[in-house]
Amino acid sequence: MKQIESIDDIRAAVRALRSENKTIAFVPTMGALHQGHISLIRKAHKHADAVVVSIYVNPEQFGPNEDFDSYPRRLQADLNVCEKEKVDLVFTPDDAVMYSSSVNYFSIEIEELGDHMDGASRPGFFEGIVLVVNKLFNIIKPDIAVFGQKDIQQFQILSRMVKEFNHSVELVMAPIARANDGLALSSRNAYLSEEERTIAPALYRALRYVEKQILDGVDKPELLLSHQKDELEAKGFQNDYLNVYSLDRLAPVSQLKEGNRYILAGAAYLGKTRLIDNIIIDF
Ligand code: AMP
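Here the structure is a predicted model, which is why all the values come from computation and not from measurement. (Residues numbered from 1 in each chain as written. Predicted model: local features only at pLDDT ≥ 70, side-chain atom pairs only at ≥ 80, totals over all residues. Heavy atoms only, no water.)

J.: With reference to specific residues and values, describe the site of the ligand.
T.: Met30, His37, Asp151, Ala177 and Leu185 are the nearest of the 17 residues found near the ligand. One nitrogen or oxygen atom from the main chain of glycine 148 is found 2.9 Å from an oxygen atom belonging to the ligand. Note that an oxygen atom of the ligand is positioned 2.6 Å from one of the side-chain N or O atoms of aspartate 151. Relative to its unbound accessible surface of 490 Å², the ligand loses 92% to contact with the protein. Only β2 (24-29), α2 (35-47) and β5 (144-148) provide two or more residues apiece to the shell around the ligand. Tallied by class, residues from the shell around the ligand come to nine nonpolar, six polar and two charged. (Near = heavy atom within 4 Å. Polar contact = N/O pair within 3.5 Å; in protein donor to acceptor, adjacent residues only side chain to side chain. Areas by Shrake-Rupley, 256 points an atom, 1.4 Å probe, with all protein chains shown as cover. Helix = DSSP H or I, 4+ residues; strand = E, 2+ residues; numbered from the N terminus. Nonpolar A, V, L, I, M, F, W, Y, C, P; charged D, E, K, R; others polar.)

As structure tokens, then:
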């Protein structure tokens, strides 16, 4: 395994793999790798001959009051994980490598797909992700890139980006890796106090409860969702959103229709930790 910091060097290393006729799968991450990231790496191995992982905490996707400075950074432990998972190349650029020019002449706007869910609560978040993943795709030029369902809005926006910007990469979605009690694994779970950690799985339980009611025939889930939000608040969460969205357009849906696919998604703060989770529903 090679750890590479510069764009020229990673391009040369990818070229070397290509010259051996190897296909390339790419897993972009912000590090603090956990079992969720590992499941992406393993999926990547199934889809291609060589796997490239990037570890980069992208400043462009953090708002001014968000956790950029405190975001967990554990490069050595991450490299050990990558080594163990037989990753071929680990790309670890710094800000000067990724954003070398001091002036940005272009800005990206996202229509519609960024209007709700995390896009509504975190201005600039998906614009920052589109910017960095666009750059990373241009640098690595992978055949396949693996992303987690955990960030389903990200997946849908990036799928659109690939289509509209004509990247020749196929996106693959990996299911959400969870702790035994159901909590979706996240690098940010490290912020949770011991007590908060015991409360945290309630978000997933609320989603599961709503999912069951919907699959049992509740097609107007508004009241159900508002009850679950109250219950989460009583447990100590500060709700951001808990709602059903159309899978294709990511717009809130009040009346579900048979034969359609939806995302049941929730985001809530527990103390200073923002938790997100979702379930895909085939109605
Ligand atoms: P991050 O390092 O948080 O930017 O995440 C990097 C990739 O890992 C993204 O594609 C995430 O969706 C994915 N990911 C994060 N947590 C999980 C999880 N619990 N299960 C599956 N994928 C995940």
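Let's pick the thread back up.
J.: Describe the side chain of arginine 122, and please don't skip the residues or the numbers.
T.: Structurally, the position occupied by arginine 122 is in the loop between α5 (117-121) and α6 (125-140). Taking relative accessible area as the criterion, arginine 122 reaches 7% and is therefore assigned buried. A distance of 2.8 Å separates a polar atom in the side chain of arginine 122 from a polar atom in the side chain of glutamate 66. (Buried < 20%, exposed > 50% of the residue type's maximum accessible area, 1.4 Å probe, protein only.)

J.: Any chance you could break down the packing of aromatic side chains for me, citing the residues and the numbers?
T.: Tallied over the entire structure, the rule returns eight aromatic pairs. Seen from their ring centres, phenylalanine 62 and phenylalanine 68 are 5.3 Å apart, and the 70 degrees between their planes marks the pair as edge-to-face. Accessibility expressed as a relative area gives 10% for phenylalanine 62, which makes it buried. What makes phenylalanine 68 partly exposed here is its relative accessible area of 23%. Taken together, Phe26, Phe137 and Phe147 form an aromatic cluster joined through their ring pairs. Sitting over the ring of phenylalanine 68, arginine 73 keeps its end group 4.8 Å from the ring centre. Above the plane of the ring of tyrosine 204 lies arginine 178, whose end atom (NZ or CZ) is 3.5 Å from the centre. (Phe/Tyr/Trp six-rings, centres within 6.5 Å; stacked < 30°, edge-to-face > 60°. Lys NZ or Arg CZ within 6 Å of the ring centre and 35° of its normal.)

J.: Which residues make up the sheet that holds strand β8 (residues 261-270), and what are the values?
T.: In space, the three strands of this open sheet follow the order β7-β8-β9, with antiparallel pairing throughout. Each having just a single partner strand, β7 (237-246) and β9 (273-282) make up the two edges of the open sheet. Strand-to-strand twist across the sheet, computed as the mean angle between neighbouring axes with direction ignored, equals 10 degrees. Sheet topology places β8 next to β9; 10 bridges connect them, and they run antiparallel. Across the sheet, the residue bridging to arginine 261 is aspartate 282, located in β9. Where helix α10 (residues 222-235) meets the sheet, it contacts β7 and β8, and its direction lies at approximately 155 degrees from that of β7. (Pairing = 2+ DSSP bridges. Axes fitted to C-alpha atoms, helices over the stretch in contact; angles between N-to-C directions. Contact = heavy atoms within 4.5 Å.)

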